[in-house]
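Here is what each chain is made of, one letter per residue.
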Amino acid sequence: QQVDERYHSRIRHIALVDDYAGFDIVAPSIKDHENSVYLEVKSTVRPAEDFTFYISRNEFDVGSKTRNWAIVCVKIKNNKPEVLGHLKLDEISALLPIETSDQVKWQSLKVTIPKSLIHEGLY
């Protein structure tokens, strides 16, 4: 239990103090407790078989530059959250628009993915 407390104390809900960080939570990795992961939580109440969420330009930029950054997908059903799993940014990059100019860049995108792209469990 002492080990668990050591790792739990490293979990930080960054979005409460910095909405521009590009991630919501920083926590020890489940796979490697010595490294941190940077988690952007996306949720939906839609009952569809796909998963739709919005990603901001800032989240994309931070995710592109930050090692161990992932999107955590949460489905809310009957007011109860269910973690579906996680995504890495490179796994959805083909769904994002290609920018042909530095002068014109998207700022926010609605992304819809099949649930099959979501990896079960946390990152």
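Whatever comes next refers back to the structure up there.
What comes next concerns the included structure. (Residues numbered from 1 in each chain as written. Predicted model: local features only at pLDDT ≥ 70, side-chain atom pairs only at ≥ 80, totals over all residues. Heavy atoms only, no water.)

1. Considering the overall build of the chain
Selection rule: Numbering of helices and strands runs from the N terminus, with a helix taken as a DSSP run of H or I at least four residues long and a strand as a DSSP run of E at least two residues long. Relative accessibility thresholds used throughout: buried, under 20% of the residue-type maximum; exposed, over 50%; partly exposed, between the two (1.4 Å probe, protein chains only). Contact definition: two residues touch when any of their heavy atoms are within 4.5 Å. Here the open area of atoms and residues is found with the Shrake-Rupley method and a 1.4 Å probe, where only the protein chains shown may cover a residue. For the purpose of charge, His is not counted, nor are the chain termini; Lys and Arg are scored as positive and Asp and Glu as negative. For the purpose of locating charges, the reference atoms are NZ of Lys, CZ of Arg, CG of Asp and CD of Glu.
Along its length, the chain carries two helices and seven strands. Listing the helices and strands of the chain from first to last along the sequence gives α-β-β-β-β-α-β-β-β. Counting only C-alpha atoms and orienting by the principal axes, one finds that the chain spans roughly 50 × 35 × 25 Å. Residue burial in the chain is summarised as follows: out of 123 residues, 37% are buried. Contacts in the chain between residues far apart in sequence, at least 24 positions, make up 56% of those at least 6 positions apart. Summed over all atoms, the accessible surface of the chain reaches about 8,200 Å², with 51% contributed by carbon and sulfur. Placing the 16 positive and 18 negative side-chain charges of the chain at their respective mean positions leaves the two points 2 Å apart.

2. Comments concerning a nonpolar patch on the surface
Threshold: Nonpolar side chains (Val, Leu, Ile, Met, Phe, Trp, Tyr) are joined into patches within 5 Å and like charges within 9 Å, using only residues with over 30% relative accessible area and no salt bridge. Any carboxyl oxygen of Asp or Glu that lies within 4 Å of a side-chain nitrogen of Lys or Arg is treated as forming a salt bridge with it.
Together, Ile30, Val83 and Leu122 give the surface a local cluster of nonpolar side chains, amounting to about 270 Å² of exposed area. For valine 83, the position within the fold is in strand E6 (residues 80–87).

3. Section: the packing of aromatic side chains
Heads up, the condition is: Only rings of Phe, Tyr and Trp enter the pairing, Trp through its six-membered ring, and a pair is recorded when the two centres are within 6.5 Å. The plane angle decides the type: under 30 degrees is stacked, over 60 is edge-to-face, the rest tilted. Only when the NZ of Lys or the CZ of Arg is both within 6 Å of the ring centre and within 35 degrees of the ring normal is a charge said to sit over the ring.
Counted according to the given criterion, the structure contains three aromatic pairs. Seen from their ring centres, phenylalanine 23 and tyrosine 38 are 5.0 Å apart, and the 70° between their planes marks the pair as edge-to-face. Pair noted here: phenylalanine 23 is in the loop between strand E1 (12–13) and strand E2 (25–28) and tyrosine 38 is in strand E3 (residues 36–44), with a separation of 15 residues, a long-range link. Among the residues examined, phenylalanine 23 registers a relative accessible area of 15% and is labelled buried. The side chain of arginine 57 reaches across the aromatic face of tryptophan 106, ending 4.9 Å from its centre.

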